[in-house]
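# Architecture and fold: a report
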Amino acid sequence: DSGVTQTPKHLITATGQRVTLRCSPRSGDLSVYWYQQSLDQGLQFLIQYYNGEERAKGNILERFSAQQFPDLHSELNLSSLELGDSALYFCASSAVGLYNEQFFGPGTRLTVL
Amino acid sequence: AQSVTQPDIHITVSEGASLELRCNYSYGATPYLFWYVQSPGQGLQLLLKYFSGDTLVQGIKGFEAEFKRSQSSFNLRKPSVHWSDAAEYFCAVGGGAQKLVFGQGTRLTINP
């Protein structure tokens, strides 16, 4: 158990819909990262938050957005869903400092029908 | 730009045999390197990491990896694999409060 929790575990929805994925980082970790794992793209970085502020952005679509709340949990919002958005979405957290690895949650499997 | 190449998509070894998974990276500065393992339906678990110092690093579950700057490689090894090692293995570069860039992964199958 990494200490990072993600809900829900599975999500099935239809094209055009909007969903919210939730992540709670390890206790004390200020950084939260979101990654997408798909068969064709592999594991790709989406976005990073640090103590409530956006820190870095990867190949995140404009239909996707995220935020980190004062209690440090984070949410990834996916809207106008397309079939190609079906993937496993991981959240990771890390402590402050250079020599700190990222701990990954169990992921949310999103299926868009 | 940062990148990671895992040349082997799928490797099959017999239980008890030795294992080496290859990883080559491209990074502009001193790399932080990681190996993660993903079992079916599970998240990513960190096996080991390299930040600096000794180029041979030990990890969990009997794995080790060697950083070779001249070859831009960070290969993962295990002297004797167990059936429970069957999983997908990912090499990654970055970290240090930055995003991770992952390789495409190597799927390991263990023959009894």
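Computed from a predicted structure; not experimentally measured.

Scoring rules and cut-offs
Residues numbered from 1 in each chain as written. Chains lettered and ligands numbered in written order. Predicted model: local features only at pLDDT ≥ 70, side-chain atom pairs only at ≥ 80, totals over all residues. Heavy atoms only, no water. Pairing = 2+ DSSP bridges. Helix = DSSP H or I, 4+ residues; strand = E, 2+ residues; numbered from the N terminus. Axes fitted to C-alpha atoms, helices over the stretch in contact; angles between N-to-C directions. 1 Å grid on protein atoms, 1.4 Å probe; cavity = no way out; pocket = protein on both sides within 12 Å on 5 of 7 lines; lining within 4 Å. Points joined across faces, edges and corners; volume = space filled by probe spheres on them. Nonpolar A, V, L, I, M, F, W, Y, C, P; charged D, E, K, R; others polar. Disulfide = S-S within 2.5 Å. Buried < 20%, exposed > 50% of the residue type's maximum accessible area, 1.4 Å probe, protein only.

## So, the sheet that holds strand β7 (residues 64-68) of chain A
Residue and element names in this part refer to chain A. Strands sit in the order β1-β3-β8-β7 across an open sheet of 4 strands; the sheet is antiparallel. Here the strands that pair on one side only, and so sit at the sheet edges, are β1 (5-7) and β7. Strand-to-strand, the axes of this sheet are offset by a mean angle of 15 degrees, without reference to chain direction. Direction of pairing for strand β3 (residues 19-24) relative to strand β8 (residues 74-78): antiparallel, over a ladder of 5 bridges.

## Focus on the layout of surface pockets
Picture a little ball the size of a water molecule; that probe, rolled over the atoms, points out where space is still empty. There is about 670 Å³ of room inside the largest pocket. Q37, L88 and R109 of chain A together with Q38 and G41 of chain B are the residues nearest the centre of the largest pocket, which is lined by 27 residues in total. Mapped by element, the contributors of at least two residues to the lining of the largest pocket are β4 (31-38) and β9 (87-94) of chain A together with β10 (87-94) and β12 (106-111) of chain B. The residue makeup of the lining of the largest pocket, split by class, is 10 nonpolar, 13 polar and 4 charged. Each pocket or cavity is described by its volume, and for the second largest pocket that value is around 400 Å³. Where the lining of the second largest pocket is concerned, the elements lending two or more residues are β10 (103-104) of chain A together with β5 (33-38) and β6 (44-50) of chain B. In terms of residue class, the lining of the second largest pocket is built from 8 nonpolar, 8 polar and 2 charged.

## A short note on the state of the cysteines
For the structure on display, the rule yields 2 disulfides over all chains. The disulfide bridge from C23 of chain A ends at C91 of chain A, spanning 1.8 Å between sulfur atoms. In this structure, the disulfide formed by C23 of chain A and C91 of chain A twists by about -50 degrees around the S-S bond and is classed as left-handed. On the criterion of sequence distance, the pair formed by C23 of chain A in strand β3 and C91 of chain A in strand β9 is long-range, its members being 68 residues apart. C91 of chain A shares its class with C23 of chain A; the two are buried. Put simply, C23 of chain B and C91 of chain B are joined by a disulfide, and their sulfur atoms are 2.0 Å apart. On the sign convention where negative is left-handed, the bridge of C23 of chain B and C91 of chain B, at about -65 degrees about the S-S bond, is left-handed. In this pair, C23 of chain B sits in the loop between β3 (19-21) and β4 (24-26) while C91 of chain B sits in strand β10, placing the two residues 68 residues apart along the sequence. Side by side, C23 of chain B and C91 of chain B carry an identical accessibility label, which is buried.

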